Structure formats: C-alpha cells, structure tokens
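# Structural features, examined
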Amino acid sequence: MRTNDWNDWHAFVLVATLGSFTRAAERLDAPKSSISQAVARLERRLGERLLERSTRRLRLTGRGEALLRELAPLFERLEEVAEGEVAQGDAPRGVLRIAAPYEFGAVQLGEVVNHMLQHYPQLQIEVEVVGRRVDPLAEGYDIAFTITPDSLPDSSQIAKTVYAVERGLYGAPSLLARLGQPRTVADLTGWPLIAAPTEAQWTFIDPKGQREAVELQPRLRTPNAGLRVQAVLSGLGLSVISHRYCEAEVAAGRLARVLPEQQPENLRIYALMPARRLMPAKTRVFMQALEQSVLMRA
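Residues numbered from 1 in each chain as written. Predicted model: local features only at pLDDT ≥ 70, side-chain atom pairs only at ≥ 80, totals over all residues. Heavy atoms only, no water.

A sheet is described by the order of its strands in space; here three strands give the open sequence β10-β9-β14, paired in antiparallel fashion. Of all strands in the sheet, those bounded by a partner on one side alone are β10 (211-215) and β14 (263-264). Taken together, the two bridges between strand β9 (residues 201-205) and β14 define a ladder with antiparallel strand orientation. Bridged to I205 within β14 is Q263. (Pairing = 2+ DSSP bridges. Helix = DSSP H or I, 4+ residues; strand = E, 2+ residues; numbered from the N terminus.)

The following block contains the structure:
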C-alpha cells in the first residue's frame, strides 16, 4: 500500500504561503532543489499544476488555491502540537523570529530579548531590522512590529497595540544658529527637513489640543532612524524624532528641541502576529515580557 509523503504536502504549503521556494527552503533548512522536487512530485501525483512559475513570481492555480485553503490550517495545527505549545504552561523553545523597525528594535527590544534568552535556554531569537510593514504569516515571522500614527486596517492578523512613542522636533544647534528659531509650525515651511518615506506631513498638537500640520518636502527621506539622526546632527535639517532615541544627544548638547510647546503626534507601535487558534508559548511569553517592560517604564 502506498502512503502519502506528507513532507511533499508540507513543502507545497510553505512555498504557497511564503510565495517563494527560497523562503520555504530556509524555513525547512533544506536545499531549494529539494523543495522544488517535492512540489513537482506532488503535482505529478495529483495530475495537476498547483503553481505557475516564472522568473519573477509564483502564482497559485485554482487547484493550488483550493488545496492551500484545506491544508494550511492542518499543518499549522500540527506545528503547534509538534512544538509542544498546546499546553499553555510550556516553557518557550525553538526559534522566535521577529521583524522590527530600526528605531524600535535598537531602543526598546534589547532588554526584553536579553531577558528571554537568559531565562529560557531552549529558546533562540532572530531579530531582523525592516523599514516597511511586514506580513508575519507570508514572510515567516512570529511577531512583526510596525510603527504608525494611524490605526491599522482590519485583517486576518492579530494586531496588538504595544504602546505610543512620544516624539519631538529636533535640530542641531549649528543649524538653529544659522537660520534662527522657528516660532510656529507654519514657520517650518521652507526649512530643510529630514523625514521617513511614509511621512507626507507632520501633525503637531498645542497645549490647548489644537492640531496643525505641515506638508513635507524633505531634503532626505529614509526609513533608517539612525541615518535621519546623523543628518540632523550634521545640521542638514530638522526632524521629528523619538525622545528616547535622541536623549543622549540632547544631554550632550548636540541636539536641541525645537517648538517645545508643539507636540508631534505620537506614533503607535503594533505587534502583528499570524492569526492562530492558540498563540505559541514563545510568542505569548515574549509579549508578556514586553508588556511588563512597558509598564515598568511608564
């Protein structure tokens, strides 16, 4: 009697979910050729194409889409059982993959990551710095942090608010000595500015709760907060920066707060996680540790 090779089915699910033979091979720690052969064997057995391949992208056929809908929840459940994560009291173990923007990863995550590694010897953590919004399920992350001033749209992901980031407008003393101090938000029009690619405007809130926005035409746009701070330190422009991220530069006199009565809109940090019936222990315990860290700083 011929039995199913469930590894072939699993390989197909990962390729279809991640949209890449390369990513599926990385997830399974297997050669890319093995994953390609597994999917090809499954297609021969079923007598149908499941994936349309091109040099640029993969596309599921109708049969492939139907099969993925049926198989994905089954393999997700099997992974939960195999990792021993059904029992909520189990200690975290395995690899916890995290995606985070540079500013948040550098300033906020280090303490929690170190705590987890010190207390859970069977746990490994991978933190990747990203400058865009990540789909944790499609890209194989357990947690993907994203920073935005807006509410997130409804989706199949779990989105949990971690906390708000307070920011200020900062500039180098040399720039302010050369151009003077702006007195109002409107004065920022025409100033050299440094911004993130996602920022079309900055909105400021005064002590009375009145809001005023300035449209941005920055000299430099980059998702890397470190590069933005370097540009500001060099006197190339003003930028809205997290207070915590630049507090050392302010204390040393290398940066100065501009328009201190005007508070830029807070950024909200969300943790995006794949929607699962049960949250894995490694994810659950990490989020609990992060929440505790936030409460201690409040």
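Compared with the 18 Å implied by 1.5 Å per residue over 13 residues, the 18 Å span of helix α1 (residues 6-18) between its first and last C-alpha is a close match. Considered for burial, the residues of α1 that qualify are D8, W9, H10, A11, F12, V13, L14, V15, A16 and L18. Positive phi shows up at G19, right after α1, with a value of about 70°. (Expected span 1.5 Å × (residues − 1). Buried < 20%, exposed > 50% of the residue type's maximum accessible area, 1.4 Å probe, protein only.)

As a further point, take the side chain of K282. Among the structural elements, K282 can be located in helix α10 (residues 281-297). A polar contact of 2.7 Å, which involves the side chain of K282, links it to the backbone oxygen of V95. (Polar contact = N/O pair within 3.5 Å; in protein donor to acceptor, adjacent residues only side chain to side chain.)

The next point concerns the packing of aromatic side chains. One pass over the structure, following the stated rule, counts one aromatic pair. Ring centres of W6 and W9 lie 5.6 Å apart, and the angle between their planes is 45°; on these two criteria the pair is classed as tilted. On the criterion of helical spacing, the pair formed by W6 and W9 is a turn pair, its members being three residues apart in helix α1. We note R97 situated over the ring of Y141; from NZ or CZ to the ring centre the distance is 4.4 Å. (Phe/Tyr/Trp six-rings, centres within 6.5 Å; stacked < 30°, edge-to-face > 60°. Lys NZ or Arg CZ within 6 Å of the ring centre and 35° of its normal.)

Counted according to the given criterion, the structure contains 10 salt bridges. The salt bridge involving R167 is made with E199; its shortest N-O contact spans 3.2 Å. Linking R167 in strand β7 (residues 167-171) with E199 in the loop between β8 (194-195) and β9, this pair joins segments that are 32 residues apart in sequence. Judged by relative accessible area, which is 7%, R167 ranks as buried. Between E249 and R254 there is a salt bridge, with the nearest N and O atoms lying 2.5 Å from each other. Each of R97, E126 and E128 takes part in one network of salt bridges that share partners. (Salt bridge = Lys/Arg side-chain N within 4 Å of Asp/Glu carboxyl O.)

Moving on, we get to the packing of helix α2 (residues 21-28) against helix α3 (residues 32-46). Contact geometry of α2 with α3 gives a least axis separation of 8 Å together with a crossing angle of 110°. Between α2 and α3, the interaxial angle falls into the category roughly perpendicular. Across from F21, T22, A24, A25 and L28 in α2, the residues of α3 making contact are K32, I35, S36 and V39. Residues that form the contact of α2 with α3 fall into these classes: six nonpolar, two polar and one charged. (Axes fitted to C-alpha atoms, helices over the stretch in contact; angles between N-to-C directions. Parallel < 35°, antiparallel > 145°, perpendicular 65-115°, else oblique. Contact = heavy atoms within 4.5 Å. Nonpolar A, V, L, I, M, F, W, Y, C, P; charged D, E, K, R; others polar.)

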